[in-house]
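Given next are the chains, with one letter for each unit.
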Amino acid sequence: MSVGAPEVELFENCRPRLEAIAYRLLGSASDAEDAVQDTFMRWHAADRAFVETPEAWLTKVLTNICLNQLASARVRREAYVGQWLPEPIFAGDRMLGPAETVEQRESVSIAMLTLMERLSAKERVVYVLREAFGYAHSEIAEILDLTESNCYQIYRRAKQHVAGDRTRVETDEATARKVVEEFLAAALSGNTDSLVRLLADDAVSAGDGGGVMISLPHPITGALRVARFLRRLFEPTPEKWAMIGGRADLFAAVLNGVPGLVIVVGDRIVTVITLEVTTDGIAAVHTQANPDKLERLTRHWAASEHADPLLVGW
């Protein structure tokens, strides 16, 4: 069935919300884009005369596509080389979706997207739709073909699985730059104690190289161990320059609501380090170096203006 201009316009008006839902469900911008495009193709083929509420119909179709992707993603990630981490996104990217409430902002943090990997596919859908988009349990039940009481039980179980006992510090651009400057100065000082003072006692460091870039096979836990690792990581060596393609410029940015260090060689982002800052200190250091998960960031970086680098020619 052909799609006229009004139907295309309706879908495009829904696209930002659909992308934001898909990103939270899949933890991958590229997979989210594919899921939304698949939704459009089904909208194109549908008999829209029988679609009473297009927004609800599109959300249900997208959710089912994401459920199928989550099932296959679990199989792929079992064979993934090293650790799997979500794909980071710059502040201002529409894929981050609504950010009016603490719950909405928290739901898109790298730490929360990583925690949501513990959830079953249905738990993740229920949690995201309820926590980040404010869907009523009756609406979610309709989307997933569940009873409302069953939906509520799934939501409670999901909340228990991802519950944390830390208070994350809210971040704006100025705060992020200050945090990253302090972190970078400590990391480059060669002084482990300087880093330890910035970290929470049970801080965690995890990295994703996608089997292409060298990364940690498992997370490192504990302030001292993380500090020692970071000190070695930030030692500039010819081997590291060869690995990333040359000397790099280092920038501060906000990604997924937290401070981030962006490492750029030429016009290409080669690594992003995000810092989960809590009232106890930096609780998590996530390093994303998988080139496939930096493509969207690199496109946005090339198309936007950014502040002066913190360090040139590292």
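Since this is a predicted model, take the numbers as computed values, not measurements.

### Side note on the UniProt feature "domain: RNA polymerase sigma factor 70 region 4 type" (unreviewed entry) in the protein
Okay, so step 1: As recorded in UniProt, the feature "domain: RNA polymerase sigma factor 70 region 4 type" (unreviewed entry) lies at residues 111-161.
Okay, so step 2: Here residues 111-161 runs as 75% helix and 0% strand, with 13 Å between its end C-alpha atoms.

### Some points on the side chain of Glu123
Okay, so step 1: Among the secondary structure elements, Glu123 is positioned in helix α6 (residues 121-131).
Okay, so step 2: We classify Glu123 as buried; its relative accessible area is 6%.
Okay, so step 3: In this structure Glu123 touches Ile154, Arg157, Ala158 and His161, once residues within four positions along its chain are discounted.

### Focus: the domain arrangement of the protein
Okay, so step 1: In terms of domains, the protein is made up of domain 1 (1-82) and domain 2 (173-303).
Okay, so step 2: Between the C-alpha centres of domain 1 and domain 2 there is a distance of 32 Å.
Okay, so step 3: In this complex, domain 1 contributes seven residues to the contact, which on the side of domain 2 involves nine residues.
Okay, so step 4: In this structure, Arg299 and Glu33 form a salt bridge, with 3.7 Å as the shortest nitrogen-oxygen distance.
Okay, so step 5: Counting across the interface, domain 1 meets domain 2 through two residue pairs in polar contact (both at pLDDT 80 or more).
Okay, so step 6: Listed by contribution, the elements that provide at least two residues to the side of domain 1 that touches domain 2 are α1 (5-26) and α2 (29-45).
Okay, so step 7: Across the side of domain 1 that touches domain 2, the residue classes break down as four nonpolar, one polar and two charged.

### Some points on the side chain of His137
Okay, so step 1: Tracing the backbone through its elements, the reader meets His137 in helix α7 (residues 137-144).
Okay, so step 2: Given a relative accessible area of 11%, His137 falls into the buried group.
Okay, so step 3: Among all residues touching His137, those that are not within four sequence positions of it are Arg130, Glu148, Cys151, Tyr152 and Tyr155.

### Focus: the environment of Gly245
Okay, so step 1: Structurally, the position occupied by Gly245 is in the loop between α12 (238-244) and β3 (249-255).
Okay, so step 2: A relative accessible area of 55% means that Gly245 is categorised as exposed.
Okay, so step 3: In sequence terms Gly245 and Gly266 are 21 residues apart; their C-alpha atoms lie 9.0 Å from each other.
Okay, so step 4: Each residue touching Gly245, except ones within four places of it in the same chain, is listed here: Val265 and Arg268.

### Points about the sheet that holds β3
Okay, so step 1: Sheet architecture is open: six strands sit in the order β2-β1-β6-β5-β4-β3, paired in mixed fashion. Looking at the sheet topology across the chains shown, the edges are occupied by β2 (220-221) and β3.

### Things to note about helix α8 (residues 148-162)
Okay, so step 1: Given a rise of 1.5 Å per residue, 15 residues ought to cover 21 Å, and the 21 Å separating the end C-alpha atoms of α8 matches this to within 8%.
Okay, so step 2: Among all positions of α8, only Cys151, Ile154, Tyr155, Ala158 and Val162 are buried. For α8, the angular spread of the buried residues around the axis is 100°, confining them to a single face.
Okay, so step 3: Those residues of α8 that are buried lie in contact with α5 (110-115), α6 and α7.

### What to know about unusual backbone geometry
Okay, so step 1: Backbone geometry places Asp145, a non-glycine residue, at a positive phi of 55°.
Okay, so step 2: By the element assignment, Asp145 lies in the loop between α7 and α8.
Okay, so step 3: With relative accessibility at 61%, the residue Asp145 sits in the exposed group.

### Comments concerning the nonpolar core
Inside soluble globular proteins, nonpolar side chains tend to come together where they are buried.
Okay, so step 1: Tyr23, Leu62, Met116, Tyr127 and Leu144 are the most contacted members of the largest nonpolar core, which has 49 residues in total.
Okay, so step 2: Elements with a contribution of two residues or more to this core: α1, α2, α3 (54-78), α5, α6, α7 and α8.
Okay, so step 3: Here this core takes nine residues from α1, the largest share from any one element.
Okay, so step 4: Ignoring sequence-local partners within four residues, the contact set of Tyr23 consists of Ser28, Ala29, Ala32, Glu87, Pro88, Ile89, Met95, Leu96, Val108, Leu113 and Asn256.
Okay, so step 5: Membership of the second largest hydrophobic core comes to 34 residues, among which are Leu216, Ala252, Leu261 and Val265.

### Points about the environment of Arg17
Okay, so step 1: By secondary structure assignment, the location of Arg17 is in helix α1.
Okay, so step 2: Along the primary structure Arg17 and Ile140 are separated by 123 residues, whereas in three dimensions their C-alpha atoms are 16 Å apart.
Okay, so step 3: For Arg17, the residues in contact, after removing those within four places along its chain, are Glu55, Thr59, Phe133 and Tyr135.
Okay, so step 4: In this structure the side chain of Arg17 is engaged in a polar contact, spanning 2.9 Å, whose partner is the side chain of Thr59.

Procedures and definitions
Residues numbered from 1 in each chain as written. Predicted model: local features only at pLDDT ≥ 70, side-chain atom pairs only at ≥ 80, totals over all residues. Heavy atoms only, no water. UniProt positions renumbered as here; feature names shortened; annotations may be inferred. Helix = DSSP H or I, 4+ residues; strand = E, 2+ residues; numbered from the N terminus. Buried < 20%, exposed > 50% of the residue type's maximum accessible area, 1.4 Å probe, protein only. Contact = heavy atoms within 4.5 Å. Domains from an automatic or database assignment. Salt bridge = Lys/Arg side-chain N within 4 Å of Asp/Glu carboxyl O. Polar contact = N/O pair within 3.5 Å; in protein donor to acceptor, adjacent residues only side chain to side chain. Nonpolar A, V, L, I, M, F, W, Y, C, P; charged D, E, K, R; others polar. Pairing = 2+ DSSP bridges. Expected span 1.5 Å × (residues − 1). Arc of directions from axis to C-beta. Core = buried A, V, L, I, M, F, W, Y, C linked by side-chain atoms within 4.5 Å.

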